[in-house]
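Each chain, written out:
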Amino acid sequence: MGDIFDVSGKVAVITGGGGVLCSEMSKALAARGAKVAVLDLNEKAAQAVADAIVAENGTAMALAVNVLDRASLETARDEVLKAFGTVDILINGAGGNKPEATASGSMSFFDIPPEAIQWVFNLNIIGTILPTQVFGKVMADKGEGVIINMSSMAAFRPLTRTVAYSAAKAGVSNFTQWMAVHFAQNYSPNIRVNALAPGFFLTNQNEYLLIDKATGQRTERGQKIIDHTPVGRYGVPSDLIGTLLWLVSDASKFVNGVVVPVDGAFSAYSGV
Ligand code: NAD
């Protein structure tokens, strides 16, 4: 039996690849011999990740892409096909929340602007579906591929305050299941779609909720999260890599349409 986790020679496309979690994933796949296309709205961030990979003798390219713009995704797809020949792995990592779409002391749920809610729905849901249409078509045509979506704990149980984000990530989990069935029934059983549901990782997009700017201490919410995470800490990006390698490789050949928590037992704990 060869290495069932082998990804060497595979072509991986990673949206949001310039971000905190997906830059780590990009580097981890490249370190194991995958050719990585780092796609991000933030071209500088994507380029920095690709440069870091190349500096370690890996293979990577950076592309400025807006996951909400089909033309920009199609241009990126053409560039990836030209440089690397195919697409084997798609990680839909671009996603996130913003304070304007979050209920708080200064923003009542009743006053949240629809544009802010729409922004979060667009980025997380449309921003997952559109790249799946563009890069998933390459997989459908060749009858093979693996897609990983980024869901969240907020999809399992809505989190207080993050009203739009919780609903949007529930949509990402639902789409993960739908797409897995659709590919398997209509195109090939060798195209799989699964999702990661990270627990609490301290990153740019949630820091404002978890760390008090003035004191640098955990906010009440941050402390609550740690108290409800039996492992007793926030996740760090490298915590996702083992599960990622399992899901993108043959090691998970019969795993399809699942959302895997990587959460230090947050979702298992009833609080008692
Ligand atoms: P991040 O903000 O560090 O990275 C997101 C990246 O997406 C950024 O580089 C950003 O430039 C890019 N991006 C934003 N809009 C884009 C667009 N329209 N087109 C292309 N790229 C765009 O976020 P992160 O914390 O690394 O999170 C990555 C994913 O994991 C997100 O989907 C997030 O919702 C999810 N997630 C994060 C956590 C956490 O604790 N950080 C927990 C659960 C799920």
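Going along each chain's sequence as written, the residues are numbered from 1 onward. The predicted origin of the model limits local features to residues at a pLDDT of at least 70 and limits the giving and counting of side-chain atom pairs to 80 or more, whereas totals for whole chains, interfaces and linings rest on all residues. The side-chain quantities take in all heavy atoms of the structure and omit both hydrogens and water.

K.L.:
I'd like a rundown of the pattern of salt bridges, residues and numbers included.
P.N.:
One speaks of a salt bridge when a side-chain nitrogen belonging to Lys or Arg is within 4 Å of a carboxyl oxygen belonging to Asp or Glu. What the rule picks out here adds up to five salt bridges. A salt bridge links Glu-74 to Arg-70; its shortest N-O distance comes to 2.9 Å. With Glu-74 and Arg-70 both in helix 3 (residues 70-84), this residue pair falls four residues apart, about one helical turn. Under the scheme applied here, a residue whose accessible area is under 20% of the maximum for its type counts as buried, over 50% as exposed, and between as partly exposed, the area being computed with a 1.4 Å probe on protein chains only. On the basis of relative accessible area, Arg-70 is assigned to the partly exposed category, the value being 36%. Measuring nitrogen to oxygen at the nearest pair gives 3.1 Å for the salt bridge that ties Asp-141 to Lys-137. Highlighted residues: Asp-141 and Lys-137, both in helix 4 (residues 114-142), separated by four residues, approximately one helical turn. Secondary structure elements follow DSSP: runs of H or I no shorter than four residues count as helices, runs of E no shorter than two count as strands, and numbering proceeds from the N terminus.

K.L.:
Which residues make up the site of the ligand, and what values go with them?
P.N.:
The environment of the ligand is formed by 27 residues, the closest being Leu-21, Asp-40, Tyr-165, Thr-203 and Gln-205. Counting of polar contacts relies on pairs of N or O atoms within 3.5 Å, with two restrictions inside protein: one atom must be capable of donating a hydrogen and the other of accepting it, and residues adjacent in sequence are counted only when both atoms are side-chain atoms. Here a nitrogen atom of the ligand and a backbone polar atom of Val-65 are 3.4 Å apart. A distance of 3.0 Å is found between an oxygen atom of the ligand and a backbone nitrogen or oxygen belonging to Gly-93. Where the shell around the ligand is concerned, the elements lending two or more residues are helix 1 (20-31) and helix 6 (163-186). All residues other than Ala, Val, Leu, Ile, Met, Phe, Trp, Tyr, Cys, Pro, Asp, Glu, Lys and Arg, Gly among them, are scored as polar; the first ten of these are nonpolar and the last four charged. Per-class residue counts for the shell around the ligand are 11 nonpolar, 14 polar and two charged. Nearness of a residue to a molecule or strand requires only that one of the residue's heavy atoms be within 4 Å of it.

K.L.:
Summarise the domain arrangement of the chain; cite the residues concerned and give the values.
P.N.:
What the domain assignment lists for the chain is domain 1 (11-199 + 238-258) and domain 2 (205-234). Centre-to-centre, using C-alpha coordinates, domain 1 lies 25 Å away from domain 2. Contact definition: two residues touch when any of their heavy atoms are within 4.5 Å. The interface of domain 1 with domain 2 comprises 12 residues on the first partner and five residues on the second. What gets called buried area is simply the loss in accessible area from a 1.4 Å probe that two parts show on being joined, summed for both. Of the roughly 600 Å² buried at the junction of domain 1 and domain 2 (both faces included), carbon and sulfur atoms supply 39%. Start and end positions for the domains come from either an automated domain assignment or a database one.

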